[in-house]
Amino acid sequence: MKNIIYTATLLLMSLLLSCAGQYTPESAEEKAATKNEVPEKKPAKSINDMSYLEVSQGLLSAVKSGSDATPYVQKIANANPENLKTELNTDTKKLAFWINTYNGLIQTTLKEDPKLYEDRNEFFKLDQLSVAGTATSFDEIEHGIIRSATAKLSKGYLPKVFKSDFVKEFMVDEKDGRIHFVLNCGAKDCPPVAIFDASNFDQQMDNVAGAYLKKVSTYDAGKKMVKTTPLFNWFTGDFGVGKKGVRDMLAKYQIIPADHDDIDVEYIDYDWTLELGNFTNAELSL
């Protein structure tokens, strides 16, 4: 009897060992789980292997996370002008790069020296930035490159009389009024900062611009009146002709009805108090 029990035990142990030997984890994650280990992650891409658009995204990611953004600032400052121009071969790529760069450099510059914001006019026009080996200003990036060489104080109706070679090299071909609702100049009432990508740029722009306009606009159907950001007033010509272009933009994001010819537009005050670190997700849905 003891021999029978002993033999049966050996057979059972042999069967269990055989089954165990036949099991192979199907993935690295499963293998790691059996050893209570964390799966090995692929190394992050080196900044030297990034495209310039990825560098502009990395700049904003570093600012958002509170990590050191200096390598990205330096990479943009030392960018090869010809390589940058070759990469930014469409308006979409240009806008994604320059909006990210503008917003990122606003954050890093004012974080380093908030007192610069006390004289805003001087702050924006001062050649305090370096991009692709060229000394430039926030005004030149915004009104020269991003707004396709439009005079700053013309409400969007007049071209810049003088364009630097830097602007001529990188300016977009067609203006896009939505840029005013994604550019962050450091003020409390500025649109939040998003990280843009060329592959889904148009939808991202609609997401961020639409969310901002819905936040700052109030429509009174009874009075047939909408109150909204003065950004529309400062750059009216970027949206079309007169208040019709403003109403068309507001109707696009369903803030006012599509039939809006008799709706009055009023502009609210703008809070210029310095406020950094206001980020949003470009992929959010309206």
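This text follows the structure it describes.
Residues numbered from 1 in each chain as written. Predicted model: local features only at pLDDT ≥ 70, side-chain atom pairs only at ≥ 80, totals over all residues. Heavy atoms only, no water.

Engineer: What's the story with the overall build of the chain in this structure? I'm lost.
Structural biologist: Regarding its fold elements, the chain presents twelve helices and five strands. Here the chain holds 286 residues, and 43% of them are scored as buried. The contacts of the chain with a sequence gap of at least 6 include a subset with a gap of at least 24, amounting to 66%. Only carbon and sulfur atoms are counted for the fraction: they give 52% of the accessible area of the chain, which is about 15900 Å². (Helix = DSSP H or I, 4+ residues; strand = E, 2+ residues; numbered from the N terminus. Buried < 20%, exposed > 50% of the residue type's maximum accessible area, 1.4 Å probe, protein only. Contact = heavy atoms within 4.5 Å. Areas by Shrake-Rupley, 256 points an atom, 1.4 Å probe, with all protein chains shown as cover.)

Engineer: I tried to follow the sheet that holds strand E4 (residues 225-228) on my own but got confused; where do I start?
Structural biologist: Across a sheet, paired strands are connected by hydrogen bonds in the backbone, their directions being either parallel or antiparallel. Spatially, E3-E4-E5 is the arrangement adopted by the three strands of the open sheet, whose pairing is mixed. Two strands lie at the open edges of the sheet, namely strand E3 (218-220) and strand E5 (264-267), each paired on one side alone. For this sheet the average axis-to-axis angle between neighbouring strands, irrespective of direction, equals 20°. When E3 meets E4, the two strands line up antiparallel, connected through three bridges. Across the sheet, the residue bridging to Thr218 is Lys227, located in E4. (Pairing = 2+ DSSP bridges. Axes fitted to C-alpha atoms, helices over the stretch in contact; angles between N-to-C directions.)

Engineer: How should I be thinking about the packing of aromatic side chains in this particular structure?
Structural biologist: Each aromatic ring pair is described using two quantities: the centre-to-centre distance and the angle formed by the ring planes. Scanning all chains against the criterion turns up 17 aromatic pairs. Here Trp98 and Phe166 contribute two aromatic rings whose centre-to-centre distance is 5.9 Å and whose plane-to-plane angle is 90°, an arrangement assigned as edge-to-face. One end of the pair, Trp98, is in helix H6 (residues 91-112); the other, Phe166, is in helix H9 (residues 165-170), and 68 residues separate them in sequence. Since its relative accessible area comes to 0%, Trp98 is described here as buried. Between Phe123 and Phe124 the ring centres are 5.1 Å apart and the planes differ by 70°, which places this aromatic pair in the edge-to-face class. Note on accessibility: Phe123 and Phe124 belong to one class, buried. Each residue in the set Tyr102, Tyr117, Phe123, Phe124 and Phe138 is aromatic and connected to the rest through ring pairs, giving one cluster. (Phe/Tyr/Trp six-rings, centres within 6.5 Å; stacked < 30°, edge-to-face > 60°.)

Engineer: What is the right way to read unusual backbone geometry from this model?
Structural biologist: Excluding glycine, a negative phi dihedral is what most residues carry, and trans is how most peptide bonds are arranged. Positive phi, normally seen in glycine, also occurs at Lys155, with a value near 60°. Within the fold, Lys155 resides in the loop between helix H8 (138-146) and H9. Look at Lys155 and you get partly exposed, because its relative accessible area is 36%. Although it is not a glycine, Lys224 sits at a positive phi angle of roughly 50°. Relative to the elements of secondary structure, Lys224 occurs in the loop between E3 and E4. On the accessibility criterion, Lys224 (37% relative accessible area) is partly exposed.

Engineer: Which parts of the structure should I look at to understand the pattern of salt bridges?
Structural biologist: Side-chain pairs of opposite charge can arise where the charged atoms are in close proximity. Tallying each qualifying case throughout the model produces twelve salt bridges. For Asp262, the salt bridge is made with Lys224, and the minimal N-O distance between the two is 3.6 Å. With Asp262 in the loop between helix H12 (242-252) and E5 and Lys224 in the loop between E3 and E4, the pair connects residues that are 38 residues apart, well separated along the chain. If you follow the salt bridges from partner to partner, you end up with Asp176, Arg178, Asp202, Asp206 and Lys252 in one network. (Salt bridge = Lys/Arg side-chain N within 4 Å of Asp/Glu carboxyl O.)

Engineer: Looking at this model, I keep getting lost on the packing of helix H3 (residues 52-65) against helix H4 (residues 70-77). Mind explaining?
Structural biologist: For any two helices packed against each other, one specifies the crossing angle of their axes together with the interaxial distance. Viewed as axis vectors pointing N to C, H3 and H4 meet at an angle of 150°, and their least axial separation amounts to 8 Å. Comparing their axes, H4 and H3 come out roughly antiparallel. Regarding H3 and H4, the two cross each other, and that crossing is left-handed. Every residue of H4 that contacts H3 at Tyr52, Val55, Ser56, Gly58, Leu59 and Ala62 is listed here: Tyr72, Val73, Lys75 and Ile76. A breakdown of the residues in the contact of H3 with H4 according to their chemical character gives seven nonpolar, two polar and one charged. (Parallel < 35°, antiparallel > 145°, perpendicular 65-115°, else oblique. Left-handed = near helix turned anticlockwise from the far one by under 90°. Nonpolar A, V, L, I, M, F, W, Y, C, P; charged D, E, K, R; others polar.)

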